Amino acid sequence: MKELKASMAGTVLNVLVAEGEAVSAGQAVVTIESMKMEIPIEAEISGTVEKIHVEVGGFVNEEETLITLGE
Amino acid sequence: MNKILIANRGEIARRIIRTCNRLGIETVAIHSEADGDLPYVSEATEAVLIGPNPVVQSYLQVDKIIEAAKAHGAEAIHPGYGLLSENAEFARKVKRAGLIFIGPSADIMEKMGDKIESRRTMIQAGVPVVPGTEQGAASLEAALAEAEAIGYPVMLKASAGGGGIGMVRCDDEQALSQQFASVKNRAKAYFGDDVVFLEKFVPNARHIEVQIFGDQHGNIVHLFERNCSVQRRNQKVIEESPSPHLPQEARVRLCEAALKAGQAVGYTNAGTVEFIVDENNDFYFLEMNTRLQVEHPVTEQVTGFDLVEWQINVAKGEKLPPQDSIQSTGHAIEYRIYAEDPKTFFPSPGTLQAIEWGEGARIESGYEQGNSITPFYDPMISKVIITGSDRAEALRKSQNFFNHATIVGVKTNISLFKEFIESQEFASGEYATSVLPTWLEKTKEEQGL
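Under an unreviewed UniProt entry, the name given to chain A is Acetyl-CoA carboxylase biotin carboxyl carrier protein subunit, and the organism recorded is Planococcus shenhongbingii.

A. Focus on the overall build of chain B. Tallying secondary structure elements over chain B gives 15 helices and 20 strands in all. Here chain B has a C-alpha radius of gyration of 21 Å; the compact-globule value for 449 residues is 22 Å, and the two agree. Its C-alpha atoms give chain B principal-axis dimensions of about 55 × 50 × 45 Å. At a minimum sequence separation of 6, the contacts of chain B that also span at least 24 residues come to 66%. In chain B, 44 positive and 61 negative side-chain charges are present, and the distance between their average locations comes to 2 Å.

B. Inspection of empty space enclosed by the protein at higher detail. All names here are of chain B. One pass over the full model with this rule turns up one cavity of 30 Å³ or more. The computed volume of the largest cavity comes to approximately 30 Å³. Together, Ile116, Arg119, Arg120, Ile123, Thr133 and Glu134 line the largest cavity. The residue inventory of the lining of the largest cavity, partitioned by class, reads two nonpolar, one polar and three charged.

C. Molecular detail of the interface of chain A and chain B. If you look at the interface, chain A gives 13 residues, while chain B gives 16 residues. Carbon and sulfur atoms make up 72% of the area that chain A and chain B hide from each other, which totals about 1,200 Å². Across the chain A-chain B interface, the total number found is one salt bridge. The interface formed by chain A and chain B includes two residue pairs in polar contact (both at pLDDT 80 or more). When residues of the side of chain A that touches chain B are assigned to their parent elements, the largest contribution, four residues, is made by strand E5 (residues 37-42) of chain A. Looking at the side of chain A that touches chain B residue by residue, the class counts come to eight nonpolar, two polar and three charged.

D. Up close: helix H3 (residues 62-71) of chain B. Residues and elements named next belong to chain B. Three or more residues of H3 are buried, namely Val62, Ile65, Ile66, Ala68 and Ala69. Summarising the axial view, the buried residues of H3 lie within an arc of 155°, below the 170-degree limit, and thus occupy one face. Of the exposed residues in H3, those oriented more than 90 degrees away from the buried face are Glu67 and Ala71. The inward-facing, buried residues of H3 abut strand E1 (3-6), strand E2 (26-32), strand E3 (46-51), strand E4 (76-78) and helix H4 (88-96). Following H3 by one or two positions, Gly73 has its phi on the positive side, about 70°.

E. The arrangement of the environment of Thr133 of chain B in detail. All names here are of chain B. Within the secondary structure layout, Thr133 lies in the loop between helix H6 (115-125) and helix H7 (140-150). Given a relative accessible area of 2%, Thr133 falls into the buried group. Considered as a pair, Thr133 and His78 are 55 residues apart in the sequence and their alpha carbons are 35 Å apart. Apart from the residues lying within four places of it in its own chain, the contact partners of Thr133 are Arg119, Glu146, Ile150, Phe197 and Leu198.

Here is what the cut-offs are and how they apply
- Residues numbered from 1 in each chain as written.
- Chains lettered and ligands numbered in written order.
- Predicted model: local features only at pLDDT ≥ 70, side-chain atom pairs only at ≥ 80, totals over all residues.
- Heavy atoms only, no water.
- Helix = DSSP H or I, 4+ residues; strand = E, 2+ residues; numbered from the N terminus.
- Rg over C-alpha atoms; globule rule 2.2 N^0.38 Å.
- Contact = heavy atoms within 4.5 Å.
- Lys, Arg positive; Asp, Glu negative; His and termini not counted.
- Charge placed at Lys NZ, Arg CZ, Asp CG, Glu CD.
- 1 Å grid on protein atoms, 1.4 Å probe; cavity = no way out; pocket = protein on both sides within 12 Å on 5 of 7 lines; lining within 4 Å.
- Points joined across faces, edges and corners; volume = space filled by probe spheres on them.
- Nonpolar A, V, L, I, M, F, W, Y, C, P; charged D, E, K, R; others polar.
- Buried area = accessible area lost by both parts, 1.4 Å probe.
- Salt bridge = Lys/Arg side-chain N within 4 Å of Asp/Glu carboxyl O.
- Polar contact = N/O pair within 3.5 Å; in protein donor to acceptor, adjacent residues only side chain to side chain.
- Buried < 20%, exposed > 50% of the residue type's maximum accessible area, 1.4 Å probe, protein only.
- Arc of directions from axis to C-beta.

Laid out in structure tokens, this is it:
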């Protein structure tokens, strides 16, 4: 299990994966908008998306969990 | 005009307040929850909490802002730049509410905000435009056919776009096929309109713009040009006037074309006509910005005029001074200090624990020591404007300034300026819009060796 966290505070612009989907390390899974810039958040490891903790349009703080990845 | 509401925040709100104070005009500031502690809020005569932090709930609340203006007895609204400044619907509603909108008419804003429509207007007026599509590209198939006719590389752009958002360079058919849907989606998300069009990509181009002003009596004047070619992510980082390496003859043609563009739409108040200028000093109309620009201080430094004062005077119905009374002397350079990583350009929100500036600059800052840069708004902290009798002197003063400037608490691009202004690429003045990313790439490689 791996928690994917927001690298900075911002608004969730896009969730690019669905629960149950397989992702590979380095793949962009969420886009956060902070200070008028789109920041892609990449999966650090390959795995399966177990849970998505955020919604498009929602606000996240730095270090908040975005996605839980299963091995 | 006795009282103005400023429908903006940060440095530009502060900048407008300063001129209003000098002219004896009272000001009403609006602010979100997060911005309550910023200097512009306490510097205004009155302040109104307009809503929560996201701009859609605060600075873009058209009706609330107009209500606040009326409740506080303001006679006019200054929109600043960004936010509602180019929103025709807002301008229309302000007028309908019996208030003065300090800017051009809603009709002009609408016409120039639609990039396809503005290209059409300029072609009719005899102003050269970048070769491109006359209509929006309805489908990928249509775009591919158009691109074939124009010739690659092409720029794929949102018609409702601006500020460097919603555009991407496509080098071939494959790139255009990959980008088409995403640019359309982004255009829809950011601007609420997914019409896209194509323009030929002009290599080694400079981005040079001309400041114009129109009054309600049909007079249009220009205040010379600004070179804004130092950019990252298609957004400006350094602007200067006069533009280095632009022959006098080309400067005259450029300013005349800008006047023609303004006359074609019967322009009023402050506006900027943006051109791209190629290696032969041939130029093409890019877009017209129907507001005061971020980089307007560069023009103020070389002409000696206060453009906010001009905006207010024009809005009151006063006449502009004649063209021959507007002269440009010396050289001015503006540096935008951003809260961002100087290498990746990723934003860096946080608290400004300490700010120390060098000497000999005009500083326009939205923040002071102790203020926080929040994730809700753009990353610009301050603008540093340095003026010299010529470019060499302005550069010397810039180096001195940045050698003594530090900000603690957030990452900034101060260290980038320190190195970049000493580079041969910038110092020579012979640079195109690719200069900053190219220089960064080169420096990275050299450090890697």
